[in-house]
Amino acid sequence: MANNIKDGFTSKFGIIAAAAGSAIGLGNIWRFPYILGENGGGAFLLIYLLCIILVGFPVMLSEFVIGRDTRLNPYGAFKELSPGKPWFIIGILGVFAAIVILSFYSVVGGWTLEYLYQAVLNNFENKNINDFDKMFNNFISSPFRPLLWHIIFMLINFFIVIRGIEEGIEKFAKIMMPVLAIILIIMAIRSLTLPPMTENSKAVDGLIFLFKPDFSKINIGVIFNALSQAFFSLSIGMGALITYGCYIKKDDNLGSSAFIVSMSDTFIAILAGLAIFPAVFAFGFTPQAGEGLVFKVLPVIFQSMKGGYIISILFFICLFIAAITSSISLLEVFVLTLMQQRNYSRKKASIIGFLIASIVGIACALSWSVLSEVKITLPTSSGEMYEYNIFSMLEFISVKFLLPIGGLLISLFMGWVYGKERIEYELSNENTLKVWYIHFLMILIKYVAPIAILMVFLNGLGISIF
Ligand code: PHE
(Lines give C-alpha, C1' and ligand atoms only; values in the text may rest on other atoms or scores of the structure.)
Protein backbone atom coordinates (compact mmCIF):
# COMPACT_ATOMS: atom_id res chain seq x y z
CA MET A 1 0.00 0.00 0.00
CA ALA A 2 1.32 3.42 -0.90
CA ASN A 3 2.36 5.35 2.11
CA ASN A 4 2.89 8.92 1.05
CA ILE A 5 3.70 10.41 4.42
CA LYS A 6 6.89 12.37 4.10
CA ASP A 7 8.16 13.85 7.32
CA GLY A 8 6.29 14.79 10.44
CA PHE A 9 5.42 18.16 11.81
CA THR A 10 8.58 20.08 12.55
CA SER A 11 8.21 20.38 16.30
CA LYS A 12 6.08 19.19 19.13
CA PHE A 13 4.40 22.54 19.05
CA GLY A 14 3.78 21.81 15.39
CA ILE A 15 1.47 18.87 15.95
CA ILE A 16 -0.22 20.52 18.88
CA ALA A 17 -0.75 23.67 16.83
CA ALA A 18 -2.05 21.69 13.87
CA ALA A 19 -4.38 19.45 15.89
CA ALA A 20 -5.53 22.42 17.95
CA GLY A 21 -5.97 24.25 14.67
CA SER A 22 -8.28 21.48 13.54
CA ALA A 23 -10.16 21.38 16.83
CA ILE A 24 -10.48 25.12 17.42
CA GLY A 25 -12.71 26.66 14.84
CA LEU A 26 -16.28 27.60 14.12
CA GLY A 27 -17.32 24.77 16.41
CA ASN A 28 -16.06 26.74 19.40
CA ILE A 29 -17.05 30.24 18.44
CA TRP A 30 -20.09 29.85 16.22
CA ARG A 31 -21.64 26.51 17.18
CA PHE A 32 -20.87 26.15 20.90
CA PRO A 33 -22.59 29.39 22.01
CA TYR A 34 -25.68 28.84 19.90
CA ILE A 35 -26.13 25.21 20.95
CA LEU A 36 -25.51 26.15 24.59
CA GLY A 37 -28.02 28.97 24.23
CA GLU A 38 -30.66 26.60 22.91
CA ASN A 39 -29.93 23.97 25.53
CA GLY A 40 -30.35 25.84 28.76
CA GLY A 41 -26.89 27.26 29.55
CA GLY A 42 -25.01 26.04 32.63
CA ALA A 43 -26.50 22.56 32.70
CA PHE A 44 -25.37 22.04 29.13
CA LEU A 45 -21.87 23.30 29.96
CA LEU A 46 -21.52 20.85 32.82
CA ILE A 47 -22.51 17.87 30.69
CA TYR A 48 -20.37 19.12 27.85
CA LEU A 49 -17.31 19.14 30.14
CA LEU A 50 -18.07 15.61 31.31
CA CYS A 51 -18.35 14.48 27.69
CA ILE A 52 -14.97 16.03 26.88
CA ILE A 53 -13.21 14.30 29.77
CA LEU A 54 -14.91 10.91 29.76
CA VAL A 55 -15.51 10.38 26.05
CA GLY A 56 -13.77 13.05 23.99
CA PHE A 57 -10.28 12.77 25.43
CA PRO A 58 -10.03 8.95 25.14
CA VAL A 59 -11.35 9.00 21.57
CA MET A 60 -8.93 11.75 20.60
CA LEU A 61 -6.03 9.81 22.06
CA SER A 62 -7.21 6.68 20.24
CA GLU A 63 -7.19 8.51 16.94
CA PHE A 64 -3.65 9.81 17.52
CA VAL A 65 -2.50 6.29 18.39
CA ILE A 66 -4.04 4.71 15.29
CA GLY A 67 -2.70 7.45 13.03
CA ARG A 68 0.86 7.41 14.31
CA ASP A 69 1.02 3.63 14.55
CA THR A 70 -0.15 2.94 10.99
CA ARG A 71 0.72 6.22 9.22
CA LEU A 72 -2.36 5.60 7.13
CA ASN A 73 -5.64 7.30 6.39
CA PRO A 74 -8.63 6.12 8.46
CA TYR A 75 -9.78 3.60 5.85
CA GLY A 76 -6.34 2.13 5.22
CA ALA A 77 -5.50 2.12 8.93
CA PHE A 78 -8.40 -0.14 9.91
CA LYS A 79 -7.80 -2.38 6.90
CA GLU A 80 -4.22 -2.88 8.01
CA LEU A 81 -4.92 -3.25 11.72
CA SER A 82 -7.74 -5.70 11.28
CA PRO A 83 -7.55 -7.35 7.85
CA GLY A 84 -10.63 -9.11 6.63
CA LYS A 85 -12.84 -7.54 9.30
CA PRO A 86 -15.36 -4.78 8.65
CA TRP A 87 -13.72 -2.13 10.88
CA PHE A 88 -12.66 -0.21 7.78
CA ILE A 89 -16.28 0.97 7.68
CA ILE A 90 -15.14 3.58 10.22
CA GLY A 91 -12.93 4.96 7.46
CA ILE A 92 -15.74 5.03 4.92
CA LEU A 93 -18.08 6.78 7.36
CA GLY A 94 -15.26 9.18 8.21
CA VAL A 95 -14.57 10.20 4.63
CA PHE A 96 -18.27 10.66 4.06
CA ALA A 97 -18.60 12.74 7.27
CA ALA A 98 -15.60 14.85 6.27
CA ILE A 99 -17.19 15.87 2.99
CA VAL A 100 -20.63 16.49 4.50
CA ILE A 101 -19.19 18.60 7.32
CA LEU A 102 -16.94 20.47 4.93
CA SER A 103 -19.87 21.46 2.75
CA PHE A 104 -21.85 23.20 5.47
CA TYR A 105 -18.75 24.32 7.37
CA SER A 106 -17.44 26.25 4.40
CA VAL A 107 -20.75 28.09 4.18
CA VAL A 108 -20.30 29.38 7.74
CA GLY A 109 -16.65 29.98 6.88
CA GLY A 110 -18.01 32.19 4.10
CA TRP A 111 -20.11 34.07 6.65
CA THR A 112 -16.92 34.99 8.51
CA LEU A 113 -15.56 36.48 5.28
CA GLU A 114 -18.72 38.51 4.76
CA TYR A 115 -18.43 39.82 8.31
CA LEU A 116 -14.76 40.60 7.83
CA TYR A 117 -15.75 42.55 4.75
CA GLN A 118 -18.48 44.41 6.67
CA ALA A 119 -16.02 45.13 9.48
CA VAL A 120 -13.51 46.62 7.04
CA LEU A 121 -16.25 48.83 5.56
CA ASN A 122 -17.02 50.02 9.08
CA ASN A 123 -20.61 48.87 8.71
CA PHE A 124 -21.06 47.96 12.36
CA GLU A 125 -20.99 51.56 13.50
CA ASN A 126 -24.07 53.11 15.10
CA LYS A 127 -26.19 50.01 14.83
CA ASN A 128 -28.08 48.26 17.60
CA ILE A 129 -28.86 44.62 18.20
CA ASN A 130 -32.05 44.76 16.13
CA ASP A 131 -30.14 46.17 13.19
CA PHE A 132 -27.64 43.33 13.44
CA ASP A 133 -30.46 40.83 13.66
CA LYS A 134 -31.84 42.19 10.40
CA MET A 135 -28.42 42.46 8.82
CA PHE A 136 -27.74 38.76 9.37
CA ASN A 137 -31.19 37.63 8.24
CA ASN A 138 -30.98 39.74 5.11
CA PHE A 139 -27.56 38.38 4.35
CA ILE A 140 -28.38 34.66 4.57
CA SER A 141 -31.69 35.05 2.79
CA SER A 142 -30.04 36.66 -0.21
CA PRO A 143 -28.90 34.07 -2.73
CA PHE A 144 -25.74 35.55 -4.15
CA ARG A 145 -23.37 36.68 -1.41
CA PRO A 146 -23.46 33.58 0.83
CA LEU A 147 -22.77 31.52 -2.27
CA LEU A 148 -19.89 33.67 -3.42
CA TRP A 149 -18.19 33.65 -0.01
CA HIS A 150 -18.67 29.91 0.29
CA ILE A 151 -16.85 29.34 -2.99
CA ILE A 152 -14.07 31.74 -2.01
CA PHE A 153 -13.66 29.96 1.30
CA MET A 154 -13.49 26.57 -0.45
CA LEU A 155 -10.92 27.88 -2.93
CA ILE A 156 -8.64 29.10 -0.16
CA ASN A 157 -9.01 25.75 1.55
CA PHE A 158 -8.19 23.97 -1.68
CA PHE A 159 -5.04 26.00 -2.35
CA ILE A 160 -3.67 25.25 1.10
CA VAL A 161 -4.37 21.52 0.94
CA ILE A 162 -2.96 21.14 -2.55
CA ARG A 163 0.39 22.51 -1.34
CA GLY A 164 0.65 19.76 1.25
CA ILE A 165 -0.09 19.77 4.86
CA GLU A 166 3.24 20.38 6.59
CA GLU A 167 3.89 23.70 4.96
CA GLY A 168 0.48 25.23 5.20
CA ILE A 169 -1.12 24.56 8.52
CA GLU A 170 1.59 24.92 11.10
CA LYS A 171 2.53 28.44 10.15
CA PHE A 172 -1.01 29.75 10.32
CA ALA A 173 -2.13 27.98 13.42
CA LYS A 174 0.92 28.81 15.52
CA ILE A 175 0.45 32.54 15.32
CA MET A 176 -3.26 32.97 14.98
CA MET A 177 -4.63 30.70 17.70
CA PRO A 178 -2.97 32.64 20.55
CA VAL A 179 -4.05 35.93 18.97
CA LEU A 180 -7.61 34.66 18.79
CA ALA A 181 -7.51 33.77 22.49
CA ILE A 182 -6.23 37.22 23.42
CA ILE A 183 -8.91 39.01 21.41
CA LEU A 184 -11.60 36.81 22.94
CA ILE A 185 -10.36 37.71 26.42
CA ILE A 186 -10.56 41.42 25.59
CA MET A 187 -14.06 40.93 24.19
CA ALA A 188 -15.19 38.97 27.22
CA ILE A 189 -14.06 41.81 29.47
CA ARG A 190 -15.93 44.35 27.35
CA SER A 191 -19.00 42.14 27.24
CA LEU A 192 -19.02 41.81 31.01
CA THR A 193 -18.73 45.53 31.56
CA LEU A 194 -21.45 46.54 29.10
CA PRO A 195 -23.99 48.90 30.61
CA PRO A 196 -27.54 47.52 30.82
CA MET A 197 -29.84 48.55 27.98
CA THR A 198 -32.94 48.39 30.13
CA GLU A 199 -33.45 48.14 33.86
CA ASN A 200 -33.74 44.40 33.81
CA SER A 201 -30.98 43.55 31.40
CA LYS A 202 -27.75 42.82 33.23
CA ALA A 203 -24.49 41.52 31.79
CA VAL A 204 -23.91 39.44 34.89
CA ASP A 205 -27.01 37.40 34.06
CA GLY A 206 -25.01 36.10 31.13
CA LEU A 207 -22.46 34.67 33.56
CA ILE A 208 -25.22 33.07 35.58
CA PHE A 209 -26.73 31.63 32.42
CA LEU A 210 -23.38 30.20 31.36
CA PHE A 211 -22.11 28.83 34.66
CA LYS A 212 -25.06 28.10 36.93
CA PRO A 213 -26.48 24.71 36.06
CA ASP A 214 -30.23 24.52 36.23
CA PHE A 215 -30.62 20.77 36.65
CA SER A 216 -34.27 20.84 35.70
CA LYS A 217 -33.13 21.71 32.19
CA ILE A 218 -31.23 18.47 31.73
CA ASN A 219 -32.93 15.95 29.50
CA ILE A 220 -31.74 13.40 27.00
CA GLY A 221 -31.87 15.92 24.18
CA VAL A 222 -29.50 18.23 26.07
CA ILE A 223 -27.11 15.35 26.79
CA PHE A 224 -27.20 14.26 23.15
CA ASN A 225 -26.47 17.81 21.98
CA ALA A 226 -23.59 18.13 24.45
CA LEU A 227 -22.04 14.84 23.38
CA SER A 228 -22.27 15.53 19.67
CA GLN A 229 -20.97 19.08 20.16
CA ALA A 230 -18.00 17.65 22.08
CA PHE A 231 -17.20 15.38 19.12
CA PHE A 232 -17.59 18.13 16.61
CA SER A 233 -15.53 20.60 18.59
CA LEU A 234 -12.66 18.18 19.22
CA SER A 235 -12.68 17.08 15.54
CA ILE A 236 -13.12 13.44 16.55
CA GLY A 237 -15.24 10.52 15.37
CA MET A 238 -14.38 10.72 11.69
CA GLY A 239 -10.66 10.25 11.43
CA ALA A 240 -9.40 13.84 11.09
CA LEU A 241 -7.06 13.18 13.99
CA ILE A 242 -6.09 9.75 12.65
CA THR A 243 -5.03 11.64 9.56
CA TYR A 244 -3.06 14.18 11.61
CA GLY A 245 -1.72 11.36 13.78
CA CYS A 246 0.08 10.09 10.66
CA TYR A 247 2.26 13.17 10.73
CA ILE A 248 3.20 12.95 14.44
CA LYS A 249 6.79 11.98 15.22
CA LYS A 250 7.59 8.78 17.04
CA ASP A 251 9.02 10.57 20.08
CA ASP A 252 6.11 12.93 20.69
CA ASN A 253 4.17 12.34 23.87
CA LEU A 254 0.69 11.57 22.56
CA GLY A 255 -0.98 11.70 25.96
CA SER A 256 0.17 15.21 26.76
CA SER A 257 -0.53 16.39 23.20
CA ALA A 258 -4.13 15.13 23.34
CA PHE A 259 -4.52 16.68 26.77
CA ILE A 260 -3.27 20.08 25.64
CA VAL A 261 -5.39 20.02 22.49
CA SER A 262 -8.61 19.11 24.26
CA MET A 263 -8.00 21.65 27.02
CA SER A 264 -7.24 24.51 24.64
CA ASP A 265 -10.31 23.65 22.63
CA THR A 266 -12.48 23.75 25.75
CA PHE A 267 -10.84 26.94 26.93
CA ILE A 268 -11.62 28.73 23.66
CA ALA A 269 -15.24 27.54 23.71
CA ILE A 270 -15.72 28.88 27.23
CA LEU A 271 -14.05 32.17 26.27
CA ALA A 272 -16.50 32.46 23.37
CA GLY A 273 -19.35 31.88 25.82
CA LEU A 274 -17.91 34.57 28.10
CA ALA A 275 -17.78 37.03 25.23
CA ILE A 276 -21.28 36.29 23.96
CA PHE A 277 -23.65 35.72 26.86
CA PRO A 278 -23.06 38.79 29.03
CA ALA A 279 -23.68 40.89 25.91
CA VAL A 280 -26.79 38.88 25.06
CA PHE A 281 -28.20 39.65 28.50
CA ALA A 282 -26.99 43.24 28.69
CA PHE A 283 -28.81 43.97 25.45
CA GLY A 284 -31.93 42.06 26.42
CA PHE A 285 -31.42 39.69 23.49
CA THR A 286 -32.31 36.00 23.47
CA PRO A 287 -29.78 33.17 23.85
CA GLN A 288 -31.99 31.03 21.61
CA ALA A 289 -31.25 32.95 18.42
CA GLY A 290 -30.06 29.85 16.56
CA GLU A 291 -27.21 29.67 14.08
CA GLY A 292 -27.08 33.45 13.68
CA LEU A 293 -26.46 34.14 17.39
CA VAL A 294 -22.77 34.95 17.22
CA PHE A 295 -23.03 36.99 14.05
CA LYS A 296 -25.78 39.08 15.59
CA VAL A 297 -24.20 39.64 18.99
CA LEU A 298 -20.47 40.09 18.34
CA PRO A 299 -20.85 43.21 16.18
CA VAL A 300 -22.75 44.90 19.02
CA ILE A 301 -19.79 44.33 21.29
CA PHE A 302 -17.35 45.78 18.75
CA GLN A 303 -19.54 48.72 18.11
CA SER A 304 -19.59 49.59 21.81
CA MET A 305 -15.84 49.34 22.29
CA LYS A 306 -13.01 51.83 22.00
CA GLY A 307 -10.92 50.66 19.08
CA GLY A 308 -13.80 48.42 18.04
CA TYR A 309 -13.09 49.00 14.38
CA ILE A 310 -9.60 47.53 14.50
CA ILE A 311 -10.58 44.81 16.94
CA SER A 312 -13.51 43.69 14.79
CA ILE A 313 -11.24 43.35 11.76
CA LEU A 314 -8.63 41.46 13.74
CA PHE A 315 -11.26 39.23 15.27
CA PHE A 316 -12.82 38.20 11.98
CA ILE A 317 -9.38 37.56 10.50
CA CYS A 318 -8.63 35.24 13.42
CA LEU A 319 -12.02 33.58 13.20
CA PHE A 320 -11.51 33.02 9.51
CA ILE A 321 -8.10 31.46 10.11
CA ALA A 322 -9.50 29.29 12.89
CA ALA A 323 -12.16 28.14 10.41
CA ILE A 324 -9.63 27.50 7.65
CA THR A 325 -7.28 25.46 9.86
CA SER A 326 -10.28 23.26 10.75
CA SER A 327 -11.58 22.94 7.24
CA ILE A 328 -8.22 21.89 5.83
CA SER A 329 -8.22 18.97 8.23
CA LEU A 330 -11.60 17.95 6.81
CA LEU A 331 -10.41 18.10 3.22
CA GLU A 332 -7.16 16.36 4.19
CA VAL A 333 -9.08 13.28 5.40
CA PHE A 334 -10.55 12.92 1.95
CA VAL A 335 -7.31 13.73 0.12
CA LEU A 336 -5.04 11.42 2.12
CA THR A 337 -7.50 8.56 1.70
CA LEU A 338 -7.64 8.89 -2.08
CA MET A 339 -3.88 9.35 -2.27
CA GLN A 340 -3.07 6.25 -0.27
CA GLN A 341 -5.91 3.97 -1.31
CA ARG A 342 -6.19 4.85 -4.97
CA ASN A 343 -2.77 6.26 -5.69
CA TYR A 344 -4.23 9.57 -6.77
CA SER A 345 -1.92 12.55 -6.85
CA ARG A 346 -2.47 15.17 -4.16
CA LYS A 347 -3.63 17.51 -6.88
CA LYS A 348 -6.24 15.18 -8.32
CA ALA A 349 -7.57 14.19 -4.88
CA SER A 350 -7.78 17.83 -3.80
CA ILE A 351 -9.67 18.81 -6.95
CA ILE A 352 -12.23 16.04 -6.47
CA GLY A 353 -12.76 16.88 -2.79
CA PHE A 354 -13.02 20.55 -3.60
CA LEU A 355 -15.63 19.95 -6.29
CA ILE A 356 -17.85 17.65 -4.23
CA ALA A 357 -17.86 19.84 -1.10
CA SER A 358 -18.33 23.02 -3.11
CA ILE A 359 -21.31 21.65 -4.98
CA VAL A 360 -23.03 20.19 -1.93
CA GLY A 361 -22.18 23.42 -0.12
CA ILE A 362 -24.06 25.41 -2.74
CA ALA A 363 -27.27 23.75 -1.59
CA CYS A 364 -26.36 24.65 2.01
CA ALA A 365 -25.58 28.25 1.14
CA LEU A 366 -29.00 28.60 -0.50
CA SER A 367 -30.90 26.99 2.38
CA TRP A 368 -32.38 30.30 3.52
CA SER A 369 -33.06 31.73 0.09
CA VAL A 370 -33.71 29.90 -3.18
CA LEU A 371 -33.94 26.50 -1.49
CA SER A 372 -35.69 27.62 1.69
CA GLU A 373 -38.79 25.63 0.78
CA VAL A 374 -36.85 22.35 0.79
CA LYS A 375 -37.54 21.17 4.32
CA ILE A 376 -37.91 17.97 6.26
CA THR A 377 -39.82 17.81 9.52
CA LEU A 378 -38.61 15.26 12.05
CA PRO A 379 -39.42 14.63 15.71
CA THR A 380 -36.71 15.56 18.23
CA SER A 381 -35.86 13.44 21.27
CA SER A 382 -38.33 15.44 23.35
CA GLY A 383 -41.08 14.58 20.91
CA GLU A 384 -41.47 18.01 19.37
CA MET A 385 -41.35 18.42 15.62
CA TYR A 386 -38.36 20.24 14.16
CA GLU A 387 -38.08 21.62 10.66
CA TYR A 388 -34.73 21.09 8.97
CA ASN A 389 -33.55 22.92 5.89
CA ILE A 390 -30.74 21.49 3.76
CA PHE A 391 -28.05 23.13 5.87
CA SER A 392 -29.39 21.91 9.21
CA MET A 393 -30.17 18.49 7.77
CA LEU A 394 -26.54 17.99 6.76
CA GLU A 395 -25.39 19.34 10.10
CA PHE A 396 -27.72 16.86 11.80
CA ILE A 397 -26.61 13.86 9.75
CA SER A 398 -22.93 14.50 10.22
CA VAL A 399 -22.64 15.94 13.72
CA LYS A 400 -25.36 14.04 15.52
CA PHE A 401 -25.24 10.84 13.56
CA LEU A 402 -21.92 10.10 11.90
CA LEU A 403 -19.58 11.49 14.57
CA PRO A 404 -21.09 9.62 17.54
CA ILE A 405 -21.22 6.38 15.53
CA GLY A 406 -17.60 6.88 14.49
CA GLY A 407 -16.59 7.58 18.10
CA LEU A 408 -18.44 4.50 19.31
CA LEU A 409 -16.76 2.24 16.77
CA ILE A 410 -13.31 3.73 17.39
CA SER A 411 -13.55 3.20 21.14
CA LEU A 412 -14.89 -0.35 20.70
CA PHE A 413 -12.09 -1.14 18.29
CA MET A 414 -9.40 0.28 20.55
CA GLY A 415 -10.71 -1.29 23.74
CA TRP A 416 -11.59 -4.73 22.45
CA VAL A 417 -9.55 -5.37 19.29
CA TYR A 418 -6.41 -3.25 19.33
CA GLY A 419 -6.10 -3.74 23.07
CA LYS A 420 -4.25 -2.45 26.06
CA GLU A 421 -0.74 -3.74 25.25
CA ARG A 422 -0.52 -2.00 21.93
CA ILE A 423 -2.07 1.18 23.24
CA GLU A 424 0.46 1.24 26.07
CA TYR A 425 3.32 0.48 23.68
CA GLU A 426 2.33 3.34 21.41
CA LEU A 427 1.61 5.82 24.20
CA SER A 428 4.90 5.02 25.93
CA ASN A 429 6.83 5.59 22.69
CA GLU A 430 7.97 1.97 22.59
CA ASN A 431 8.39 1.73 26.35
CA THR A 432 10.42 4.85 26.91
CA LEU A 433 7.74 6.86 28.72
CA LYS A 434 5.71 5.84 31.71
CA VAL A 435 1.98 5.77 30.97
CA TRP A 436 0.71 6.23 34.52
CA TYR A 437 -2.87 6.76 33.42
CA ILE A 438 -3.21 3.59 31.33
CA HIS A 439 -5.63 1.76 33.65
CA PHE A 440 -7.95 4.68 33.94
CA LEU A 441 -7.74 5.26 30.20
CA MET A 442 -8.61 1.64 29.44
CA ILE A 443 -11.71 1.84 31.63
CA LEU A 444 -12.80 4.90 29.69
CA ILE A 445 -12.06 3.36 26.29
CA LYS A 446 -13.48 -0.10 26.96
CA TYR A 447 -16.55 0.71 28.99
CA VAL A 448 -17.37 4.31 29.78
CA ALA A 449 -17.08 5.81 26.30
CA PRO A 450 -18.91 3.12 24.30
CA ILE A 451 -21.70 2.65 26.84
CA ALA A 452 -22.22 6.38 27.24
CA ILE A 453 -22.26 7.02 23.50
CA LEU A 454 -24.59 4.12 22.81
CA MET A 455 -27.09 5.09 25.50
CA VAL A 456 -27.09 8.77 24.66
CA PHE A 457 -27.23 8.09 20.96
CA LEU A 458 -30.14 5.65 21.02
CA ASN A 459 -32.13 7.70 23.49
CA GLY A 460 -31.31 10.87 21.59
CA LEU A 461 -32.80 9.32 18.50
CA GLY A 462 -35.88 8.43 20.47
CA ILE A 463 -35.05 4.73 20.97
CA SER A 464 -35.52 4.41 24.71
CA ILE A 465 -33.25 1.96 26.49
CA PHE A 466 -33.32 3.29 30.02
N1 PHE B 1 -13.52 20.95 15.33
C2 PHE B 1 -13.80 21.86 14.27
C3 PHE B 1 -14.37 23.12 14.88
O4 PHE B 1 -14.61 23.17 16.04
C5 PHE B 1 -14.70 21.27 13.24
C6 PHE B 1 -14.26 19.93 12.74
C7 PHE B 1 -15.02 18.80 13.01
C8 PHE B 1 -13.05 19.80 12.08
C9 PHE B 1 -14.61 17.55 12.60
C10 PHE B 1 -12.62 18.54 11.68
C11 PHE B 1 -13.39 17.44 11.94
O12 PHE B 1 -14.60 24.08 14.19
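The structure this text deals with has already been given above.
**Looking at the site of the ligand**
Here is step 1: Around the ligand, the structure places 14 residues, and the nearest of them are Ala23, Gly27, Tyr105, Phe232 and Ser235.
Here is step 2: Between the ligand and the protein, one listed contact pairs an oxygen atom with a backbone N or O atom of Gly27 at 2.8 Å.
Here is step 3: Take Phe232: an N or O atom from its main chain is 2.7 Å from a nitrogen atom of the ligand.
Here is step 4: Within the complex, 100% of the 320 Å² of free accessible area of the ligand lies under protein.
Here is step 5: For the shell around the ligand, the secondary structure elements donating two or more residues are helix H1 (12–23), helix H2 (26–38), helix H10 (220–234) and helix H14 (308–342).
Here is step 6: Taken together, the residues that form the shell around the ligand break down as 6 nonpolar, 8 polar and no charged.

**Some remarks on the packing of helix H4 (residues 74–81) against H14**
Here is step 1: For the pair H4 and H14, interaxial distance at closest approach is 8 Å and the crossing angle is 50°. Between H4 and H14, the angle falls in the class oblique. Where H4 abuts H14, its residues Pro74, Tyr75 and Gly76 lie against Val333, Thr337 and Gln341.
Here is step 2: The residue makeup of the contact of H4 with H14, split by class, is 3 nonpolar, 3 polar and no charged.

**Some thoughts on the nonpolar core**
Here is step 1: Trp111, Phe315, Phe316 and Leu427 are the most contacted members of the largest nonpolar core, which has 164 residues in total.
Here is step 2: Examining the composition of this core, we find that 19 residues originate from one element, H14, more than from any other.
Here is step 3: If near-sequence neighbours (up to four positions away) are discounted, Phe316 is found in contact with Thr112, Tyr115, Leu116, Ala119, Phe124, Phe295 and Phe302.

**Quick notes on unusual backbone geometry**
Here is step 1: Backbone geometry places Asn126, a non-glycine residue, at a positive phi of 55°.
Here is step 2: With respect to the helices and strands, Asn126 occurs in the loop between helix H5 (89–120) and helix H6 (129–140).
Here is step 3: Phi at Asn429 is positive, roughly 50°, even though this residue is not glycine.
Here is step 4: Among the secondary structure elements, Asn429 is positioned in the loop between helix H16 (390–427) and helix H17 (438–460).
Here is step 5: By relative accessible area, which is 9% here, Asn429 ends up buried.

**So, the pattern of salt bridges**
Here is step 1: Scanning the entire structure with this criterion turns up 9 salt bridges.
Here is step 2: Between Arg68 and Glu426 there is a salt bridge, with its nearest N and O atoms 2.9 Å apart. You can see Arg68 sitting in helix H3 (residues 42–70) and its partner Glu426 sitting in helix H16, a full 358 residues away along the chain.
Here is step 3: Classification of Arg68 as buried rests on a relative accessible area of 1%.

**Describing H17**
Here is step 1: The terminal C-alpha atoms of H17, which comprises 23 residues, lie 31 Å apart, in line with the 33 Å expected from a rise of 1.5 Å per residue.
Here is step 2: Buried within H17 we find Ile438, Leu441, Met442, Leu444, Ile445, Ala449, Pro450, Ile453, Val456, Phe457, Asn459 and Gly460.
Here is step 3: Packing partners of the buried residues in H17 comprise H3, H10 and H16.
Here is step 4: Once H17 ends, the next one or two residues include Gly462, with phi positive near 90°.

**With respect to the side chain of His150**
Here is step 1: Structurally, His150 can be placed in helix H7 (residues 144–162).
Here is step 2: Reaching out from His150, the side chain makes a polar contact with the side chain of Ser106 at a distance of 3.0 Å.

**Considerations on the packing of aromatic side chains**
Here is step 1: Under the counting rule described, the total for this entry stands at 42 aromatic pairs.
Here is step 2: Ring geometry for Phe158 versus Phe354: centroids 5.0 Å apart, planes at 40°, classification tilted. Taken together, the positions of Phe158 in helix H7 and Phe354 in helix H15 (residues 346–365) put the pair 196 residues apart, joining distant regions of the chain. Of the two residues examined, Phe158 and Phe354, each falls in the buried class.
Here is step 3: Aromatic pair Phe315 and Phe316: ring centres 5.2 Å apart, planes at 80°, arrangement edge-to-face. For the pair shown, Phe315 and Phe316 are each scored as buried.
Here is step 4: One residue, Lys348, lies across the ring of Tyr344, its end atom 4.2 Å from the ring centre.

**Quick word on a nonpolar patch on the surface**
Here is step 1: On the surface, Trp416, Val417, Ile443, Tyr447, Ile451 and Met455 cluster together into a nonpolar patch covering about 560 Å² of accessible area.
Here is step 2: If one sorts the elements of the nonpolar patch by residue count, H17 sits on top with 4 residues.
Here is step 3: Counting through the fold element by element, Ile451 comes out in helix H17.
Here is step 4: Accessibility expressed as a relative area gives 46% for Ile451, which makes it partly exposed.

**What about the side chain of Ser367?**
Here is step 1: By the secondary structure assignment, Ser367 is in the loop between H15 and strand E1 (376–379).
Here is step 2: A relative accessible area of 2% places Ser367 in the buried class.
Here is step 3: A distance of 2.9 Å separates a polar side-chain atom of Ser367 from the backbone oxygen of Cys364.

**A closer look at H7**
Here is step 1: The end-to-end C-alpha separation of H7 is 27 Å, in line with the 27 Å expected for 19 residues at 1.5 Å each.
Here is step 2: When H7 is considered as a whole, its buried residues turn out to be Pro146, Trp149, His150, Phe153, Met154, Asn157, Phe158, Ile160 and Val161.
Here is step 3: Residue Gly164 follows H7 closely and has a positive phi angle near 100°.

**Focus on the environment of Cys364**
Here is step 1: Mapped onto the fold, Cys364 is located in helix H15.
Here is step 2: Among the residues examined, Cys364 registers a relative accessible area of 0% and is labelled buried.
Here is step 3: Counting along the chain gives 150 residues from Cys364 to Asp214, while the straight-line C-alpha distance between them is 34 Å.

**A word on the environment of Asn225**
Here is step 1: You can see Asn225 is positioned in helix H10.
Here is step 2: Separated by 187 residues in sequence, Asn225 and Glu38 place their C-alpha atoms 9.8 Å apart.
Here is step 3: Discounting chain neighbours no more than four positions away, the residues touching Asn225 are Ile35, Asn39, Phe44 and Lys400.
Here is step 4: Polar contacts involving the side chain of Asn225 include one to the side chain of Asn39, which spans 2.8 Å.

Calculation rules
- Residues numbered from 1 in each chain as written.
- Predicted model: local features only at pLDDT ≥ 70, side-chain atom pairs only at ≥ 80, totals over all residues.
- Heavy atoms only, no water.
- Near = heavy atom within 4 Å.
- Polar contact = N/O pair within 3.5 Å; in protein donor to acceptor, adjacent residues only side chain to side chain.
- Areas by Shrake-Rupley, 256 points an atom, 1.4 Å probe, with all protein chains shown as cover.
- Helix = DSSP H or I, 4+ residues; strand = E, 2+ residues; numbered from the N terminus.
- Nonpolar A, V, L, I, M, F, W, Y, C, P; charged D, E, K, R; others polar.
- Axes fitted to C-alpha atoms, helices over the stretch in contact; angles between N-to-C directions.
- Parallel < 35°, antiparallel > 145°, perpendicular 65-115°, else oblique.
- Contact = heavy atoms within 4.5 Å.
- Core = buried A, V, L, I, M, F, W, Y, C linked by side-chain atoms within 4.5 Å.
- Buried < 20%, exposed > 50% of the residue type's maximum accessible area, 1.4 Å probe, protein only.
- Salt bridge = Lys/Arg side-chain N within 4 Å of Asp/Glu carboxyl O.
- Expected span 1.5 Å × (residues − 1).
- Phe/Tyr/Trp six-rings, centres within 6.5 Å; stacked < 30°, edge-to-face > 60°.
- Lys NZ or Arg CZ within 6 Å of the ring centre and 35° of its normal.
- Patch = residues over 30% accessible without salt bridge, like charges linked within 9 Å, V, L, I, M, F, W, Y side chains within 5 Å.

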